[in-house]
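Architecture and fold: a report
Listed below, chain by chain, are the residues.
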Amino acid sequence: VAMKKPFFAYLGPHAPHYSADAPPWAQTLFSDMGAPRTPAYNTSVGQADKTLHVAQNPPINEEMAIMIDKHFRDRWRSIVGVDDMIRLIWQELETLGVLSNTYIFYSSDHGYKLGEWRIGCSKQHPYESDVHIPFFARGPGIMPGTRLTALGANIDITPTFIDIAGLPPHPEH
């Protein structure tokens, strides 16, 4: 089947958002993994200047640490289904003969805390763990292994798509 017209597809899987449900074949994977223990994990260092609801957080106890690690594993397991979806899409693009001239973008809507600043599992703070997101792109003219250091944000995506489509920039962007 030859594709003759450009197309756009958007897929927004729920994973790894809570409850981070895994496909049946992934429910026992990553059993030996725990959440990263970053320098900000369970620390009060630097909390004095944080907003009150963060600065007053008590230390993470063993029960909470176990729950954080479980949620971390659940999130990884749920992403297995996303990886499978990406593989199937990749294979279909190859079958259609359009992979070499198709742009693929992969990103997320936010980062996530797993015990940093004594906060269990959350995403609503303006801290590094919450604001850094993965963003990968591949397609014509993008050299494999390219890594950009320029700051980018979700607001850059639409103007990028407009440019790829060969359309003039929109004044609101």
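Owing to the predicted nature of the structure, the values given are computational and were not obtained by experimental measurement. (Residues numbered from 1 in each chain as written. Predicted model: local features only at pLDDT ≥ 70, side-chain atom pairs only at ≥ 80, totals over all residues. Heavy atoms only, no water.)

**What to know about the overall build of the protein**
The helix and strand inventory of the protein stands at four helices and four strands. Mapped from its N terminus to its C terminus, the protein presents α and β elements in the order α-α-β-β-β-α-β-α. A globule of 173 residues ought to have a C-alpha radius of gyration of about 16 Å, yet the protein, at 20 Å, is considerably larger. Counting across all 173 residues of the protein, residues that qualify as buried make up 28%. Partitioning the intrachain contacts of the protein with sequence separation of at least 6 by distance along the chain shows that 72% fall at a separation of at least 24. If you sum the accessible surface of the protein, you get close to 12400 Å²; carbon and sulfur atoms cover 61% of it. The centroid of the 14 positive side-chain charges in the protein is displaced by 2 Å from the centroid of its 18 negative side-chain charges. (Helix = DSSP H or I, 4+ residues; strand = E, 2+ residues; numbered from the N terminus. Rg over C-alpha atoms; globule rule 2.2 N^0.38 Å. Buried < 20%, exposed > 50% of the residue type's maximum accessible area, 1.4 Å probe, protein only. Contact = heavy atoms within 4.5 Å. Areas by Shrake-Rupley, 256 points an atom, 1.4 Å probe, with all protein chains shown as cover. Lys, Arg positive; Asp, Glu negative; His and termini not counted. Charge placed at Lys NZ, Arg CZ, Asp CG, Glu CD.)

**Some remarks on the nonpolar core**
In this structure, Ala 35, Tyr 41, Ile 60, Ala 65, Ile 68, Phe 72, Tyr 112 and Leu 114 together form the largest nonpolar core, which totals eight residues. The leading source of residues in this core is helix H2 (residues 62-95), at three residues. When near neighbours in sequence (up to four residues on either side) are disregarded, Ile 60 contacts Tyr 41, Asn 42, Ala 65, Ile 68, Gly 115 and Arg 118. With five residues, the next largest nonpolar core counts Ala 40, Trp 117, Ile 119 and Tyr 127 among its residues. (Core = buried A, V, L, I, M, F, W, Y, C linked by side-chain atoms within 4.5 Å.)

**Structural notes on the packing of aromatic side chains**
Considering all chains together, one arrives at eight aromatic pairs under this definition. Geometrically, the ring pair formed by Phe 30 and Trp 76 is edge-to-face, given 5.2 Å between the ring centres and 65° between the ring planes. Linking Phe 30 in the segment before helix H1 (52-55) with Trp 76 in helix H2, this pair joins segments that are 46 residues apart in sequence. The exposure class assigned to Phe 30 is partly exposed, which follows from its relative accessible area of 25%. You can call Trp 76 partly exposed: its relative accessible area is 40%. With centroids separated by 5.9 Å and ring planes inclined at 50°, the aromatic side chains of Phe 72 and Trp 76 adopt a geometry described as tilted. Here Phe 72 pairs with Trp 76, and both are found in helix H2, just four residues apart, close to one helical turn. What makes Phe 72 buried here is its relative accessible area of 9%. By way of ring pairs, the aromatic residues Phe 8, Tyr 103, Phe 105, Phe 135 and Phe 161 are connected into one cluster. The aromatic ring of Tyr 112 is capped on one face by Arg 75, whose charged end is 3.8 Å from the ring centroid. (Phe/Tyr/Trp six-rings, centres within 6.5 Å; stacked < 30°, edge-to-face > 60°. Lys NZ or Arg CZ within 6 Å of the ring centre and 35° of its normal.)

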